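Topology and contacts: notes
Here are the chains, one letter per residue:
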Amino acid sequence: MDKVYNKVRNLDAYPKVNEDFYSRTLSGGVITLASSIVIALLFLSEFRLYLHTVTESKLVVDTSRGGKLRINFDVTFPAIPCTLLSLDAMDISGERHLDIRHDIFKKRIDSHGNVIEVRQDGIGAPKIERPLQRHGGRLEHNETYCGSCFGAETSDEDCCNSCEEVREAYRKRGWGLTNTDLIDQCKREGFVQKVKEEEGEGCNIHGSLEVNKVAGNFHFAPGKSFHQQNLHLLDLLALQTESYNISHKINKLSFGDSIPGIVNPLDGVQWVQEMPNGVYQYFIKVVPTIYTNIRGHTIQSNQFSVTEHYKSSEEDHFRSLPGVFFFYDLSPIKVTFTEEHASFLHFLTHICAIVGGIFTVAGIVDSFIYHGQKAIKKKMEIGKLR
């Protein structure tokens, strides 16, 4: 057994020296103190890096199919009244959503940007007294109300009980509702009066909408749109002048939930119209993005890049409707961000490298100073003897 102990003892790479042979110097003490301070500072720096999360990014092909895309927006139009402003969306699959009102909020603002009124767009007409019936007479006591669609009925059972329903019936027929003064429902609801009262005002519209996860567009326009022979038209152009100012400021625009560290390029963008009428277009490339934080929580969202173009009414030979259009397309590449900690073994390796490296360099410097001082003393003693 003693032989085994002796063999292991011979493998000792750190032979011990008797304390009687130690020679401690002032320079050695200063170097030891300085190296200990440097080691402590580097250790704290490395420990902070170990605690700090690192975000790793990766590009992969997006193999997901179907699903929905949520668009969040907050846009201010300083020269278009809220009653006239509408939001439409459509995609390449042929699905259309006209005059979207669900989850949409409008703020009436004056010429100085002060809020006059906040309202959520709703569907339906207010309660009224003695409205005009479909057969031409006025509503009598205990009689069921069935308003006229003014020639836009598709069957004998069709009823239009609100200005909105008359407009919808006209849209389905492909007709434009240009003179609402003749529509009983619109007069009773004060639609024309609303437009006239809001003349000179602006509108802030904000909310969100869900669309199919395919290429498409959504747009803000003065008036409700309808389709006729593949043309996109408006039915309220006769309510104001033929000139519309589509100056706007995009306070916020995002596709999906917010991601830490991601800035949307259109937030805070403002454009002022200098020529009457026209179409302002944003062409957006949406990049699907997955963000996973250090706790494993995953956020499915999107980033986007954008270019823009303005087309005035003079250049537009096809007479597109005035408004602000956002055309979006989806990228086939998906970006993944993952928050990670450095491994403990990686941290331990760095600490060992710091401690060992500092002590090695300090030992070399101490040895150089010690032997240098010794050589100088020796030469001085030789000089005195002579």
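Everything numeric here is computed off the predicted structure, so don't read it as measured data.

1. Let's talk about the overall build of the protein chain
Scanning the protein chain from N- to C-terminus turns up six helices and 16 strands. Within the protein chain, buried positions represent 38% of all 386 residues. Pairs at least 24 apart in sequence give 73% of the contacts found in the protein chain among residues at least 6 apart. Of the roughly 24100 Å² of accessible surface on the protein chain, 56% is carried by carbon and sulfur atoms.

2. So, helix α3 (residues 163–173)
Taken residue by residue, α3 has Cys163, Glu164, Val166, Arg167, Ala169 and Tyr170 as its buried positions. Immediately beyond the C-terminal end of α3, within one or two residues, lies Gly174, with a positive phi of roughly 85 degrees.

3. Describing the sheet that holds strand β5 (residues 104–109)
Reading across from one edge, β6-β5-β7-β2-β11-β12 is the order of the six strands in this open sheet, with antiparallel pairing throughout. Only two strands of the sheet have a single partner each, and these edge strands are β6 (115–120) and β12 (269–271). Across this sheet, the average inter-strand angle for adjacent strands is 20 degrees, counted without regard to direction. Bridging between β5 and strand β7 (residues 202–212) involves six bridges; their strand directions are antiparallel. Directly across from Ile109, in β7, lies its bridge partner Gly202.

4. Observations regarding the state of the cysteines
Within the structure shown, the criterion is met by three disulfides. Through a disulfide, Cys82 is tied to Cys203; the S-S separation comes to 2.2 Å. An S-S torsion of about 100 degrees defines the bridge between Cys82 and Cys203 as right-handed. Taken as a pair, Cys82 in the loop between β2 (68–77) and β3 (85–91) and Cys203 in strand β7 lie far apart in primary sequence, 121 residues in all. With relative accessibility at 1%, the residue Cys82 sits in the buried group. Two residues, Cys149 and Cys160, share a disulfide whose sulfurs are 1.9 Å apart. Taking the torsion about the sulfur-sulfur bond, which here is approximately 95 degrees, the covalent link between Cys149 and Cys160 counts as right-handed. One end of the pair, Cys149, is in the loop between β6 and α3; the other, Cys160, is in the loop between β6 and α3, with eleven residues separating them in the sequence. Of the two residues examined, Cys149 and Cys160, each falls in the buried class.

5. Structural notes on the packing of aromatic side chains
Taken as a whole and judged by the stated rule, the model has 21 aromatic pairs. Note on Tyr282 and Phe326: the rings are 5.0 Å apart at their centroids and 10 degrees apart in plane angle, and the pair reads as stacked. With Tyr282 in strand β13 (residues 279–292) and Phe326 in strand β15 (residues 323–330), the pair connects residues that are 44 residues apart, well separated along the chain. The buried category is assigned to Tyr282, whose relative accessible area is 0%.

6. A closer look at the pattern of salt bridges
Under the criterion given, the structure shown has seven salt bridges. Between Arg70 and Asp257 there is a salt bridge whose closest N-O contact spans 2.3 Å. Note that Arg70 is positioned in strand β2 and Asp257 in the loop between β11 (248–255) and β12, a separation of 187 residues in sequence. Taking the shortest distance from any N to any O, the salt bridge between Arg101 and Glu164 comes out at 3.0 Å. One end of the pair, Arg101, is in the loop between β4 (96–97) and β5; the other, Glu164, is in helix α3, with 63 residues separating them in the sequence. For the pair Arg101 and Glu164, a shared accessibility class is recorded, and that class is buried. It is possible to trace a salt-bridge network through shared partners that takes in Arg101, Glu164 and Arg167.

7. Quick notes on the side chain of Ser148
Here Ser148 is to be found in the loop between β6 and α3. Here the side chain of Ser148 touches Phe150 through a polar contact of 2.9 Å, landing on its backbone nitrogen.

8. What to know about the environment of Val306
With respect to the secondary-structure elements, Val306 resides in strand β14 (residues 298–311). On the basis of relative accessible area, Val306 is assigned to the partly exposed category, the value being 23%. Not counting residues within four places of it along the chain, the set of residues in contact with Val306 comprises Pro265, Leu266, Tyr282, Phe283 and Ile284.

9. Observations concerning the pairing of β14
Relative to β14, β13 runs antiparallel, the two sharing 14 bridges. Among the inter-strand pairings, Pro288 is bridged to a residue of β14, identified as Asn302. Joining the antiparallel neighbours β13 and β14 is a turn of five residues, in which Gly296 adopts a positive phi near 90 degrees.

10. With respect to a nonpolar patch on the surface
Together, Met1, Val4, Tyr5 and Val8 give the surface a local cluster of nonpolar side chains, amounting to about 450 Å² of exposed area. For Tyr5, the location among the structural elements is in helix α1 (residues 2–10). On the basis of relative accessible area, Tyr5 is assigned to the partly exposed category, the value being 47%.

Parameters at a glance
- All residue numbers here refer to positions counted from 1 along the written sequence of the relevant chain.
- The model is predicted, so local features are restricted to residues of pLDDT at least 70 and side-chain atom pairs to those at 80 or more, both for listing and for counting; the totals for chains, interfaces and linings are taken over all residues.
- Values reported for side chains reflect all heavy atoms of the structure, with hydrogen atoms and water molecules removed beforehand.
- Each helix is a run of DSSP H or I of at least 4 residues and each strand a run of E of at least 2, with the numbering of both proceeding from the N terminus.
- Exposure is judged per residue with a 1.4 Å probe applied to protein chains only, and the accessible area is read against the type maximum: over 50% gives exposed, under 20% gives buried, and values in between give partly exposed.
- Contact criterion: two residues are considered in contact whenever any of their non-hydrogen atoms come within 4.5 Å of each other.
- Each accessible area is a Shrake-Rupley estimate made with a 1.4 Å probe; only the visible protein chains count as cover when residues are assessed.
- Strand pairing is defined by DSSP finding a minimum of two bridges between the two strands.
- Under this scheme, a helix contributes an axis fitted over its contacting stretch, all axes are lines through C-alpha atoms, and angles between N-to-C directions fall in the 0 to 180 degree range.
- The term disulfide is used for any two cysteine sulfur atoms that are within 2.5 Å.
- Any Phe, Tyr or Trp ring, taking Trp's six-membered ring, that has another such ring centre within 6.5 Å forms a pair; planes under 30 degrees apart are called stacked, those over 60 apart edge-to-face, and the others tilted.
- Within this document, salt bridges are pairs made up of a side-chain nitrogen of Lys or Arg and a carboxyl oxygen of Asp or Glu, the two lying within 4 Å of each other.
- We define a polar contact as two N or O atoms separated by no more than 3.5 Å, with the added condition that, inside protein, one atom must be a possible hydrogen donor and the other a possible acceptor, whereas residues neighbouring each other in sequence contribute only through side-chain atom pairs.
- The residues that make up patches have over 30% relative accessible area and no salt bridge, and they are joined within 9 Å when like-charged or within 5 Å when they are Val, Leu, Ile, Met, Phe, Trp or Tyr.

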